[in-house]
Amino acid sequence: LRSVYGYTRQQLPPAQRRGAIIILGMLAQANRAIVTDDIDLYLRIGLGKFGHQDLVLAKYTCMILQCLGSTRSKRPGAAAAAGLGEEEIKRLPMNNPIFDGLQRIMEEPRCDPEWFPAAEQALNAIYALGEKPDALAARVVRNQAKLVQGLLATCSPAGGADDSMDVDGEEPHESPAAKLVDPWDLTRLVFIVGHIAIKEIVLLESVEAELKRRKSDDEPQRKKRASPAASAKGKPGRGRGRKPGRNADDMQVDSDSEDNDDELNQIAGTTEDEIGDIISAIRERELLFGTKSVLALFGPLLVHICKNLGKFSDRLLTVHATAALAKFMCISSSFCEENLPLLLALLQRAKSPAIRANVSIALGDITVCFNNLIGENVHYLYGPLHDSDTRVKKTTLMVLTHLILNGMVKVKGQLGEMAKCLEDKDPRVADTARLFFGELATKDNAVYNNLPDIISSLSVGANAVNEESFARIMRFLFDFIKEKDRQTDNVVEKL
């Protein structure tokens, strides 16, 4: 496989080299030595000339390089049992040649749709392997922003951007800002900052987990040091003396260790709750509002584009800008609350099915991150179930299935909207709805408890079903009632 992947004497069909790296990537999941034994090969081929000619090859090369990184195992000795040394799970310095190759892939000036998945995997590799991935990510953003220089000033409030919303105009026309740059340059920029936003969330969560792990590991040693000190204070005449055999160097080592512990406590707090509060504060106030944050510069730009979709004629730009805005909203609850009305307007008024599907997914993510913000607007989650586009409808159904079955959304009379999907013309939507109710029936009387609301929703309202569909839906749902005789009588009484 390596010889096929690295063959350079003659021209190979792209699919052949891609197939080799895909299989190597599968094998590397189980044995990282496949990557470490010949890493120069991947840098020379996948991140070199061949990768720049074939971005699909570059994407899979970035994916296999991610196997060099590893999360710390929760089970003691598991890393050693898997053949992973302690030095192998450490992050790489940012001057490693790997990051130069990854940066070149991200800054490839190509008008190719395959650039987006390649750049996504390159960013994933940077954040999986680098000691300071945010520094390299910021450099990539600055370099890409140079191509759209002057646009931020035009879109900022100081540049005269109004607050009116034109989600989708009847006749798209380019704004003055859109004429300043190539749409591909701007699209690449908003894609990069959007994915960096998600990776920063993941990075902060890993930092929080690592700080808590260090606290937990240091706790026994701290108690051991505190115990002799306490006993020494309790013995008169010996509290200020030194133990026989202990010299000044030993005392200095203890002092340095205590200073390091104090420094860690000052940075991360003394309890796990304090660590969590500090990380949450960074996420809430610094990433999108900090004076030194690169991402803070692009929030107004994304809002401007999404408020004026009708003024930007490039479809790819509007789709990626909407997705990037949704990713930004998953970082900070205040930014999310401020722009949630805009996102809901996009869900209802955007003409592009891709945008409506992305917003539906984004609302599911926001529900997980900031459940209290969605509580009052939960009915918007069910609206796309009646969308004219099958892809939007199926995406929304899958999002709701995940949220409801995992207890992230409390069902308050909306299951009827899900039940209507059982009679959808598209078999994929109907099959997904059947799967949902089959899983829901495994929970304690979940279907039975909601039957009155389901029947009411099916019978009345703007989207009521006809009599034949009603009979088929109820026949399907009644199969999930366990104690049929007694519970059926109860349902009739409630109705």
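Computed from a predicted structure; not experimentally measured. (Residues numbered from 1 in each chain as written. Predicted model: local features only at pLDDT ≥ 70, side-chain atom pairs only at ≥ 80, totals over all residues. Heavy atoms only, no water.)

A word on the overall build of the protein chain
The helix and strand inventory of the protein chain stands at 27 helices and zero strands. When the 495 residues of the protein chain are sorted by exposure, 45% land in the buried category. Put simply, 72% of the contacts in the protein chain that link residues at least 6 apart link residues at least 24 apart. (Helix = DSSP H or I, 4+ residues; strand = E, 2+ residues; numbered from the N terminus. Buried < 20%, exposed > 50% of the residue type's maximum accessible area, 1.4 Å probe, protein only. Contact = heavy atoms within 4.5 Å.)

Focus on the side chain of Thr-395
Take Thr-395: it is sitting in helix α21 (residues 390–405). We classify Thr-395 as buried; its relative accessible area is 16%.

Concerning a nonpolar patch on the surface
Together, Leu-1, Ile-23 and Leu-27 make up a nonpolar patch on the protein surface, roughly 240 Å² of accessible area in all. Here Leu-27 shows up in helix α2 (residues 14–30). (Patch = residues over 30% accessible without salt bridge, like charges linked within 9 Å, V, L, I, M, F, W, Y side chains within 5 Å. Areas by Shrake-Rupley, 256 points an atom, 1.4 Å probe, with all protein chains shown as cover. Salt bridge = Lys/Arg side-chain N within 4 Å of Asp/Glu carboxyl O.)

With respect to the environment of Leu-343
When you line up the elements, Leu-343 lands in helix α17 (residues 333–349). Spatially, the C-alpha atoms of Leu-343 and Lys-307 are 9.4 Å apart, while their sequence positions differ by 36 residues.

A short note on the pattern of salt bridges
Under the counting rule described, the total for this entry stands at 13 salt bridges. In this structure, the salt-bridge partner of Glu-208 is Lys-212, at a minimum N-O distance of 3.0 Å. With Glu-208 and Lys-212 both in helix α12 (residues 183–233) and four residues apart, the pair spans about one turn of that helix. The class of Lys-212 is partly exposed, set by a relative accessible area of 23%. The salt bridge involving Glu-417 is made with Lys-420; its shortest N-O contact spans 3.4 Å.

Side note on the environment of Leu-405
Structurally, Leu-405 can be placed in helix α21. For the pair Leu-405 and Glu-439, spaced 34 residues apart in sequence, the C-alpha to C-alpha distance is 7.5 Å. Those residues in contact with Leu-405 that lie beyond four places of it in its chain are Phe-436, Glu-439, Leu-440 and Lys-443.

Regarding helix α15 (residues 299–307)
In terms of residue burial, α15 counts as a mostly covered element, since eight of its nine residues are buried. The complete set of buried residues in α15 reads Gly-299, Leu-301, Leu-302, Val-303, His-304, Ile-305, Cys-306 and Lys-307.

Description of the nonpolar core
Counting residues in hydrophobic clusters, the biggest one holds 130 residues, and the most contacted among them are Leu-102 and Met-418. For this core, the element with the highest residue contribution is α12, accounting for 13 residues. Other than its neighbours up to four places away in sequence, Leu-102 contacts Leu-47, Cys-62, Leu-65, Ala-122, Ala-125 and Ile-126. (Core = buried A, V, L, I, M, F, W, Y, C linked by side-chain atoms within 4.5 Å.)

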